[in-house]
Each structure stands twice: as C-alpha cells, then as structure tokens.
Amino acid sequence: SSASAMFTVQKSVSLLLDGSAHTLTLDGLQTAKNEAMIVSDGTLAMRGKVVLQNSVNGSANGGAIVSQAGSNASFRISGAHFAGNTAGTNGGAIYANCVLDISDTVFEDNAAANGGAVCINGGGILTLSDCTFENNAASAQGGALRLDGKTSFAGELSLFSGNTARQGGAIYVASENNARRAAVS
C-alpha cells in the first residue's frame, strides 16, 4: 500500500515504545513514499522487546525509522530487534542525522543501497554497545553501517557477522568524514 508513516514525533515530543512486559511488534508497513516512523526534533525511546519489520520503496530512507534533515531529534534504543527492514536508498532500518544511543539491539536481514542496517548522515552521533549486526546487505556501501558527512561514532562489544556490500561489508566510513572521529573497542 502507499500508507503514510506509522508515527511522526514532532518538536518537544517524546515517544516511548516499551516492550518490557510483552513483545511489541510493528510489522508490515510498506510505503511507496514516506518513511515508517519519522522523528523530527523529538525524542524516540525504545526498550525491552520491540520488533520492527517494515519496508519503504523508491528513493525513501530509513525502512523503520528516519530523522528528518536538520532535525534535533534523538534516539535511545535498547533491547530492540530490527529484522527484514528495507529502504530504497539509505538505511535499511535507520537513517538519521541526530544523536543515537543504541544498546543490546539486534539488526538482521535489513537492506538498502547504502547502510544495510543503519546510515548516519551529516553530523549525526552514533554510540553502539552490545549490538549484533547479522546478514545485513547494501548494494553499494556499508553492509551494516554507513557513516557519512560529519558523523561521530563510538562502538564497543558489538558483533558484525555476514554483512555484505560492494564497499565496506561491515562498516563504511565516507571520505569526507575526516573532521570527526570513529572509535571502536
């Protein structure tokens, strides 16, 4: 179908998706134009067992979640499972240019042209801890992650396995990323 976004989180608004007591599944949204979940200057928090499985077509970004260009959005994700999300262009599961703090989260079988699981663009800050990236695919760059623009990245204790891309099977750091740093431990 050509539905709009499931959720749009606007300025000064916070959305909490909580799967602590029971698994919360957001599944099957297929859009021709819009992203599955849009965060614009608000805060998105996920915790517990939250499963996202969605698809956006054409030139859309972020199969499950996208922050809009120039946004002051922030994502805090813990314990989520992004599986089978697809985007026509960037970020099979997540496309963002904001602050992302992701822990204890699984990204598997997501796909896009760039950043099979996650694509961070233009000044985003990505922190990963205890995440798993398995079998994500990008037809161009960054099977699991593509870090573009002026992105900062810190990752620890995360597993990258079976991710594929023409350039950067696990992680692709764009050449214009010389102004920031990437730290992996």
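Structure: see above.
Residues numbered from 1 in each chain as written. Predicted model: local features only at pLDDT ≥ 70, side-chain atom pairs only at ≥ 80, totals over all residues. Heavy atoms only, no water.

Undergrad: Outline the environment of asparagine 135, listing residues and values.
TA: Relative to the assigned elements, asparagine 135 resides in the loop between β13 (132–134) and β14 (137–141). C-alpha separation for the pair asparagine 135 and alanine 170, spaced 35 residues apart in sequence, amounts to 9.6 Å. (Helix = DSSP H or I, 4+ residues; strand = E, 2+ residues; numbered from the N terminus.)

Undergrad: So, the nonpolar core: which residues are in play, and what are the values?
TA: Phe75, Phe82 and Ile94 are the most contacted members of the largest nonpolar core, which totals 27 residues. Sorting the residues of this core by element identifies β4 (43–56), β6 (74–83), β7 (94–96), β8 (99–103), β11 (118–120), β12 (125–129) and β15 (145–147) as the ones contributing at least two each. Per-element tally for this core: the top contributor is β6, with four residues. In contact with isoleucine 94, not counting residues within four places along its chain, are Gly62, Ile65, Phe75, Ile77, Phe82, Leu100, Ile102, Phe107, Ala117, Val118 and Cys119. (Core = buried A, V, L, I, M, F, W, Y, C linked by side-chain atoms within 4.5 Å. Buried < 20%, exposed > 50% of the residue type's maximum accessible area, 1.4 Å probe, protein only. Contact = heavy atoms within 4.5 Å.)

Undergrad: Help me get a handle on unusual backbone geometry, residues and values and all.
TA: Look at aspartate 104: it is not a glycine, yet its phi comes out positive at around 45°. Tracing the chain through its elements places aspartate 104 in the loop between β8 and β9 (106–108). One non-glycine residue, aspartate 109, adopts positive backbone phi at about 60°. Here aspartate 109 shows up in the loop between β9 and β10 (111–114).

Undergrad: Would you mind going over the packing of aromatic side chains in detail, with residue names and values included?
TA: Two descriptors summarise a pair of aromatic rings, namely the distance from one centre to the other and the angle between the planes of the rings. Counted by the stated rule, this structure contains three aromatic pairs. Ring plane angle 5° and centroid distance 4.7 Å describe the contact between phenylalanine 107 and phenylalanine 133, whose orientation is recorded as stacked. With phenylalanine 107 in strand β9 and phenylalanine 133 in strand β13, this pair connects stretches of sequence that are 26 residues apart. Judged by relative accessible area, phenylalanine 107 falls into the buried class, the value being 0%. Given the relative accessible area of 0%, phenylalanine 133 is considered buried. Ring centres of phenylalanine 133 and phenylalanine 160 lie 4.8 Å apart, and the angle between their planes is 5°; on these two criteria the pair is classed as stacked. Taken as a pair, phenylalanine 133 in strand β13 and phenylalanine 160 in strand β17 (residues 159–161) lie far apart in primary sequence, 27 residues in all. When its relative accessible area of 27% is taken as the criterion, phenylalanine 160 is described as partly exposed. Here a set of aromatic residues connected by ring pairs shows up, and it is made of Phe82, Phe107, Phe133 and Phe160. (Phe/Tyr/Trp six-rings, centres within 6.5 Å; stacked < 30°, edge-to-face > 60°.)

Undergrad: Give me the pairing of β8: which residues, what numbers.
TA: As judged from the five bridges shared by β6 and β8, these two strands associate in the parallel manner. Looking at the pairing, phenylalanine 75 lines up with leucine 100 of β8. Pairing of β8 with β12 involves five bridges; the strand directions are parallel. Across the sheet, the residue bridging to leucine 100 is leucine 126, located in β12. (Pairing = 2+ DSSP bridges.)

Undergrad: Talk me through the side chain of arginine 146; I want residue IDs and the actual numbers.
TA: Relative to the elements of secondary structure, arginine 146 occurs in strand β15. By relative accessible area, which is 12% here, arginine 146 ends up buried. Not counting residues within four places of it along the chain, the set of residues in contact with arginine 146 comprises Asn114, Gly115, Val118, Cys119, Ile120, Gln141, Tyr172 and Ala174.

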